[in-house]
Amino acid sequence: MSRNEKISLRSRLGFIGLGYLGSRIARRLVAAGFPMIVYDRDHAKAAELSALGAKVAPDPGELAGDADVTLSCLSDDFAVEAVYLGTGNVLRSARPGARIIELSTISPETSRELHRTARQLNLALLDVAISGSTPSAEAGTLTLFGGGDREIFESAKAIFAPIAKQWFYMGQGGSGVSMKLVVNTLLGVGMQAVAEALALGLTLDLPRDLLLDTLAKTAVVAPAHVGKLATAKKRDYAPQFPVRLMHKDFGLVLGAAAHVGLSMPTTEAAAAINAAGAASEADEDFSVVIRWMERLAERKEVLPLQVR
């Protein structure tokens, strides 16, 4: 693709990583009419997209060689490095002039490394971090934060429109994932604050359901946490954003803070509680911190650590 060419429904997309968010994003792009080739280590996940009309690639490198635009939504830095720079060989397999849209939540340092390597190979790469859980991905109402060349970012609106309600250009390479870490700091710390406030209410003998219902209607609870109060009311912690991924993101946040010498004591405390829970209940929703704090309030259990 030429630099000035906009992505359109004629552009052939490749999609790597069909997990919680990736599978839902890929389905929406197929439904929007994009020709697509997909890859996932779990062949059953790829087969689900094949049933919708996508071609299945045998490996990431072949996918990249066949696509005008390669997207990926992967679990962590290690997976991203393996797919792009290691055995997946995506960057060296992609066509000259091809575009890469990397959607994973990874460290800014890893993202900037991908940008540098892509430039050396005449590839246009964007880091476009995702904010939103599985219901948002299914509904196409995600929020996106982009880093990289602004002109390339603007040219990708045909991809963004079916999957997101809003998207923001944040700056140079790595800026998209940096903004995601800022957002998820508030997501994780805010969830812990909500859980502690609920625990306080229970110890003050406020009725549980009334407490949850009323708190959800106040101005102090962020929109991302309001839905968690409704599911907590039903004691439903089925994963929309698993606690293990919140644990990973806390690690990225604190790693980025340490890199620049920034102290984040409240985030450190929330991350410590999250880490303890992630060790035993990794695949429950990150809002399960509400249950942990309820148990503490009821004095049936204590948290498995002391936060310093």
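Right, let's walk through the structure included here. (Residues numbered from 1 in each chain as written. Predicted model: local features only at pLDDT ≥ 70, side-chain atom pairs only at ≥ 80, totals over all residues. Heavy atoms only, no water.)

### Overview of the overall build of the chain
Put simply, the rule reads: Strands are runs of DSSP state E lasting at least two residues, helices are runs of H or I lasting at least four, and both sets are numbered from the N terminus onward. Just to be clear, the radius of gyration here is over C-alpha atoms, and the globule rule we use is 2.2 Å times residues to the power 0.38. Residue exposure (1.4 Å probe, protein chains only): buried if accessible area is under 20% of the type maximum, exposed if over 50%, otherwise partly exposed. The contact criterion used throughout is that any non-hydrogen atoms of two residues lie within 4.5 Å. Surface exposure here means Shrake-Rupley accessible area, sampled with a 1.4 Å probe, where a residue is shielded only by the protein chains that are shown. Residues counted as positive are Lys and Arg, residues counted as negative are Asp and Glu, and His and the chain ends are not counted. To locate a charge, take atom NZ for lysine, CZ for arginine, CG for aspartate or CD for glutamate.
Scanning the chain from terminus to terminus reveals 15 helices and eight strands. Relative to the 2.2 N^0.38 estimate, which gives 19 Å for 308 residues, the radius of gyration of the chain is 20 Å and therefore close to what a compact globule would have. The C-alpha extent of the chain, read off along each of the three principal axes, is 65 × 45 × 35 Å. When each of the 308 residues of the chain is scored for burial, the buried share is 51%. Across the chain, the fraction of contacts at a sequence separation of at least 24, relative to all contacts at a separation of at least 6, is 66%. About 14,200 Å² of surface is accessible on the chain, with carbon and sulfur atoms providing 55% of the total. Each charge class in the chain was averaged separately, 33 positive and 33 negative side chains, and the resulting centres sit 4 Å apart.

### Notes on the pattern of salt bridges
Counted only if it meets this: For salt bridges, the criterion is a side-chain nitrogen of Lys or Arg within 4 Å of an Asp or Glu carboxyl oxygen.
The final tally for this structure, using the stated rule, is 18 salt bridges. Among the ionic pairs, R24 bridges to E138, the shortest N-O distance being 2.8 Å. Linking R24 in helix α1 (residues 22-32) with E138 in helix α7 (residues 134-139), this pair joins segments that are 114 residues apart in sequence. Across the pair E294 and R208 runs a salt bridge whose closest N-O atoms are separated by 2.7 Å. Highlighted residues: E294 in helix α15 (residues 289-297) and R208 in helix α11 (residues 208-216), separated in sequence by 86 residues.

### Notes on the pairing of strand β4 (residues 69-72)
Rules: A strand pair is defined by DSSP finding two or more bridges across the two strands.
Burial along β4 is two-sided: V69 and L71 facing one way and T70 and S72 facing the other are all buried. Two elements, strand β1 (residues 13-16) and β4, share four bridges in a ladder whose sense is parallel. Residue pairing in the sheet places I16 in a bridge with S72 of β4. Two strands pair when backbone bridges link them, and β4 and strand β5 (residues 99-102) are joined in this way by four bridges, in the parallel orientation. Among the inter-strand pairings, S72 is bridged to a residue of β5, identified as E102.

### Looking at the side chain of S287
Heads up, the condition is: Think of a polar contact as two N or O atoms within 3.5 Å of one another; within protein, one of them needs to be a possible hydrogen donor and the other a possible acceptor, and neighboring residues in sequence only count if both atoms come from side chains.
Structurally, the position occupied by S287 is in the loop between α14 (265-278) and α15. The buried category is assigned to S287, whose relative accessible area is 0%. A polar atom in the side chain of S287 sits 2.7 Å from the side chain of D285. When residues no more than four places from it in sequence are discounted, the contact partners of S287 are M191, K228 and Y237.

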